[in-house]
Amino acid sequence: MTDEAMRELSARRRLNVGWVSAQFGLLIIIVAFWTVISWRAPGFLSPFNLFTVGRALAVDIVIGFAQMAALATGGMNLSVGSIGVCAVMAGGHLMQTLGLPIPVAIAGALALGAALGWLNGFVITRTGVSSFIITLASANLYSGAMLILTKAVPLDRLPMGVGAFGKLKIAGVVSPLLLIAAAIGSLLFILYRHSVLGRQILAAGANARAAKMSGVPVDRVVTISHALSGLLAATAGMMVVARLGAAMPAVGGEDWLLPSFLGPVLGGTLLSGGAVAVVGTMLGALLVTTIRSGLLVMQIGNFWLQLYLGVILLLAVLADRYRALQSERRGIPRR
Amino acid sequence: MKLFRHLLLVEWSGLAAAILLGAAALSFIAPNFLTEFNLYVMLRSLSVGLLVALAQMITLGVGQMNIAVGALGGLTAIIFGAAMELYGFPVLLAIPVALGIGALGGLINGLLTVRTGVNAFIITLATASAFTGINFGITGSIPFYKMPAALVGFGDRHWGALPYLLVAPLLVALLLGQFFSRTAPGRQLLAFGGNPQAAELSGISRERVVVSAHVLSGLLAAAAAVLAVAQLGSAQPTIGADWLLLSFAAPIIGGAALTGGHISVLGTMFAVLLLGLIQNGMVLAKVDPYWVQFVLGALILVAVGLNRWRAVNSGRLE
């Protein structure tokens with residue numbers, strides 16, 4: 001094996017160790033939070049509350065995945081919330097106004113989400129302009145179009161099955177939504193770990209030029225990633241519809257922006273692209289959900305929530321830098 | 001044709017033409033447009049927007065961004081309000097306090113960005129959330145209503161169609177124009193934005209450039225917040241909540257490069273004026289307000305495309 005390859009391998013191994021320790025640290029923090037919260041507010045561990053937390057967690061996880069799919073390419077998607085709410089309203093209309101069967105309506109909403117995401121990717125790769133500005137613009141285009149078309153009127157006469165699915169409990173505590181989120185997680189894990197497309201996406205994210213020279217169709221995989229991001233955002237939107245039993249034009253939007261970054265970044269997904277942490281994103285989402293519902297149960301005003309979330313994101317970023325410095329200090333093997 | 005092409009290459013020429021055309025069309029369609037009162041109301045709300053756009057333009061100049069402009073503006077606004085209502089600060093003392101808070105917030109953003117080496121996007125996303133949390137935590141989202149008469153009066157006063165409030169952004173723009181074109185620190189900021197490695201190799205301190213850009217940005221966000229309080233007559237916790245899009249749209253439509261190193265003070269101001277004109281026109285034409293967001297998004301895309309075309313044609317890009 002050549003020097004270069006050795007160095008590459010050891011760097012990758014180190015990165016893997018870095019992730020594991022990031023996720024281990026996250027797990028410890030989550031356990032600490034659960035201990036403190038359930039000690040201060042015993043109601044936190046009641047089956048009903050666990051069910052609600054799990055249902056909220058499912059949405060947070062999928063929102064995180066939607067951002068993670070864009071981060072993998074080294075870009076970002078500021079329009080996750082807008083695509084989410086577009087899917088919500090589209091799904092609602094298909095069910096309520098057109099009276100389509102639920103699965104068809106869901107498929108339509110998901111297809112819309114994927115199409116909007118694909119449009120993001122198409123414009124980004126065609127113009128070469130940063131994904132930040134394109135998705136900032138498209139977020140407003142999509143939200144604006146949704147408001148113009150729906151006049152911001154909520155749709156609350158959806159088929160009974162939708163709300164009933166959201167209230168469904170497996171074994172008394174687990175929401176099927178959480179199982180769906182977990183299933184999506186395993187599919188993404190397989191995609192990024194074991195499929196050619198996934199490896200190509202990560203290669204393009206790590207170093208677009210090198211990937212292009214090695215024959216990776218960079219533009220295509222970036223576009224696919226954005227379509228995937230849109231599809232996942234739409235999925236999160238449909239989960240919210242199931243949870244509320246109605247299609248509200250006020251969900252998503254900018255409210256999803258911070259959580260969408262919190263999950264992946266806390267979990268160890270690199271902002272610079274080329275590395276994703278599927279399990280980490282789920283843990284990151286768990287921490288966010290825990291803090292949000294913990295504050296609620298302990299009756300600490302919701303007003304401070306944003307402060308805690310912001311500080312935790314900062315701490316996560318600092319911890320990440322510290323870890324990177326430590327592994328740098330341990331040194332690349334020199335001869 | 002050649003002249004037309006040349007004019008298109010000047011950043012703000014298209015904007016100026018669009019503004020003139022738009023104003024002419026508006027005065028034709030809506031007779032109320034040219035009334036003194038309508039122009040005054042439009043310019044008064046522009047005053048805040050101008051400062052917000054300039055605040056973002058500075059961070060764009062060094063190749064970074066400040067997602068926290070609005071959050072910092074909101075926090076500053078309520079501290080400004082609290083200082084006057086709860087602690088009885090006179091206006092002239094409360095303004096420096098507010099500006100100080102803004103600069104401090106910018107300092108935190110700048111130091112965190114430089115010291116961690118993490119993308120300013122994620123740092124300011126986090127601090128934005130923290131600033132908003134403090135804002136809502138302190139106020140419980142209840143505004144401060146009892147603002148001194150002197151401040152509110154200043155916010156209402158005008159010469160003809162020109163509001164007194166407009167003086168602040170014009171002064172700031174003048175100073176910024178001088179700063180970026182004539183002074184060494186200003187040139188260093190842009191040099192760093194254009195090529196950080198080359199700038200550092202020529203002895204420009206990364207830390208000083210990034211921190212000072214964020215401090216200036218925070219300072220202007222705070223100034224915008226003070227104007228917003230004067231304009232609204234109360235310190236609302238929601239001030240700044242809708243600044244983000246405008247803050248990016250205006251500098252970019254005005255010709256700033258997202259990659260840093262290239263900004264246009266005049267272009268940014270024209271862009272704010274154009275956006276204000278569009279908003280005003282939509283109100284006068286009684287267009288569904290939901291269209292505003294859509295049109296803003298579309299305009300950014302058009303501007304990005306135009307900037308790119310200009311960059312390719314003026315040889316700045318291969």
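The rules behind these values
- Residues numbered from 1 in each chain as written.
- Chains lettered and ligands numbered in written order.
- Predicted model: local features only at pLDDT ≥ 70, side-chain atom pairs only at ≥ 80, totals over all residues.
- Helix = DSSP H or I, 4+ residues; strand = E, 2+ residues; numbered from the N terminus.
- Rg over C-alpha atoms; globule rule 2.2 N^0.38 Å.
- Buried ≥ 20, exposed ≤ 12 C-beta atoms within 10 Å, placed from the backbone.
- Contact = placed C-beta atoms within 7 Å.
- Nonpolar A, V, L, I, M, F, W, Y, C, P; charged D, E, K, R; others polar.
- Expected span 1.5 Å × (residues − 1).
- Core = buried A, V, L, I, M, F, W, Y, C linked by C-beta atoms within 7 Å.
- Axes fitted to C-alpha atoms, helices over the stretch in contact; angles between N-to-C directions.
- Parallel < 35°, antiparallel > 145°, perpendicular 65-115°, else oblique.
- Left-handed = near helix turned anticlockwise from the far one by under 90°.
- pLDDT = per-residue confidence, 0-100.

The next subject is the overall build of chain A. The secondary structure content of chain A amounts to 13 helices and zero strands. Secondary structure elements of chain A occur, N-terminal to C-terminal, as α-α-α-α-α-α-α-α-α-α-α-α-α. Relative to a compact globule of 335 residues, whose C-alpha radius of gyration would be 20 Å, chain A shows 20 Å and is just as compact. Dimensions of chain A along its principal axes, counting C-alpha atoms only, are 70 × 50 × 35 Å. The proportion of buried residues among the 335 residues of chain A is 49%. Sequence-distant contacts, at least 24 apart, represent 80% of the contacts inside chain A between residues at least 6 apart.

This paragraph deals with the overall build of chain B. Counting secondary structure elements, chain B contains 14 helices and two strands. Here the C-alpha atoms of chain B give a radius of gyration of 20 Å, agreeing with the 20 Å that 2.2 N^0.38 yields for 318 residues. With the principal axes as the frame, chain B shows a C-alpha extent of 60 × 55 × 35 Å. Across the 318 residues in chain B, those meeting the buried criterion constitute 49%.

Another aspect to go through is the interface of chain B and chain A. Listed per partner, the contact involves 36 residues of chain B and 34 residues of chain A. The set of elements that each furnish at least two residues to the side of chain B that touches chain A consists of α6 (120–139), α12 (244–253) and α14 (290–313) of chain B. In terms of residue count, α6(B) provides more of the side of chain B that touches chain A than any other element does, 13 residues in total. For the side of chain B that touches chain A, the class distribution of residues is 21 nonpolar, 13 polar and two charged.

Moving on, we get to α6(B). Residue and element names in this part refer to chain B. Under the 1.5 Å per step criterion, the end-to-end length of α6 is 28 Å for 20 residues, consistent within 8% with the ideal 28 Å. With 17 of 20 residues buried, α6 lies mostly within the body of the structure. Looking one or two residues past α6, Gly-140 carries a phi angle of roughly 60°, positive in sign.

What follows deals with the nonpolar core. Within the largest apolar cluster, 206 residues are counted, with the highest numbers of intra-cluster contacts made by Val62(A), Leu51(B), Phe80(B), Ala224(B), Ala225(B) and Ile300(B). When residues of this core are assigned to their parent elements, the largest contribution, 18 residues, is made by helix α11 (residues 206–232) of chain B. Other than its neighbours up to four places away in sequence, Ala225(B) contacts Gly73(B), Thr76(B), Ala77(B), Phe80(B), Ala98(B), Ile239(B) and Gly240(B).

Residues and elements named next belong to chain B. In this structure, Gly-177 sits in helix α8 (residues 167–182). For Gly-177, a count of 15 C-beta atoms within 10 Å puts it in the partly exposed group. Measuring from C-alpha to C-alpha, the distance between Gly-177 and Leu-266 comes to 8.2 Å, with 89 residues separating the pair along the chain.

The next thing to look at is the packing of helix α3 (residues 80–96) of chain A against helix α4 (residues 102–127) of chain A. Residue and element names in this part refer to chain A. Direction vectors running N to C along α3 and α4 enclose 150°, while the axes themselves pass 8 Å from each other. For the element pair α3 / α4, the angle class is roughly antiparallel. Remark: the crossing between α3 and α4 carries right-handed chirality. Taking contact as the criterion, the partners of Ile-83, Cys-86, Ala-87, Ala-90, Gly-91, Leu-94 and Met-95 in α3 are, on α4, Ile-102, Ala-105, Ile-106, Gly-108, Ala-109, Leu-110, Leu-112, Gly-113, Leu-116 and Gly-117. In the contact of α3 with α4, the residues fall into 13 nonpolar, four polar and no charged.

A few words now on the confidence of the model for chain B. Note: predicted coordinates in regions of low pLDDT should not be interpreted at a detailed level. Taken as a whole, chain B shows an average pLDDT of 89; of its residues, 95% reach a score of 70 or greater. This complex was scored by the predictor with a pTM of 0.89 and an ipTM of 0.86.

So, about the environment of Ile312(A). The residue Ile312(A) is located in helix α13 (residues 305–330) in this model. Ile312(A) sits 188 residues away from Ile124(A) along the chain, and the two C-alpha atoms are 31 Å apart.

Residue and element names in this part refer to chain A. Taken N-terminus to C-terminus, the directions of α4 and helix α5 (residues 131–150) make an angle of 140°; their axes are 10 Å apart at the nearest point. When the interaxial angle is binned, α4 and α5 end up oblique. Relative to α5, α4 is oriented so that their crossing is right-handed. Side by side, α4 and α5 meet where Leu-116, Asn-120, Val-123 and Ile-124 of the first sit next to Ser-131, Ile-134, Thr-135, Ser-138 and Tyr-142 of the second.

Moving on, we get to unusual backbone geometry. Excluding glycine, a negative phi dihedral is what most residues carry, and trans is how most peptide bonds are arranged. You will see that Ala171(A), though not glycine, has its phi angle at about 60°, which is positive. By the element assignment, Ala171(A) lies in the loop between α6 (160–167) and α7 (176–194). By the C-beta count within 10 Å, which is 6 here, Ala171(A) ends up exposed. With a phi angle near 55°, Ser141(B) is a residue other than glycine that sits in the positive phi range. Inspection of the secondary structure puts Ser141(B) in the loop between α6 and α7 (149–156). Here Ser141(B) falls in the partly exposed class, since 15 other C-beta atoms lie within 10 Å of it.

As a further point, take helix α4 (residues 69–85) of chain B. For α4(B), built from 17 residues, the straight-helix expectation of 24 Å at 1.5 Å per residue is met to within 8% by its first-to-last C-alpha distance of 24 Å. Counted residue by residue, α4(B) has 15 buried out of 17 residues, so it is predominantly covered.

Take the environment of Pro154(A) next. All names here are of chain A. Position of Pro-154 relative to the elements: it lies in the loop between α5 and α6. C-alpha of Pro-154 to C-alpha of Ser-260: the two residues are 106 residues apart in sequence and 24 Å apart in space. In contact with Pro-154, other than residues within four places in its own chain, are Ala-246, Ala-247, Met-248 and Pro-249.

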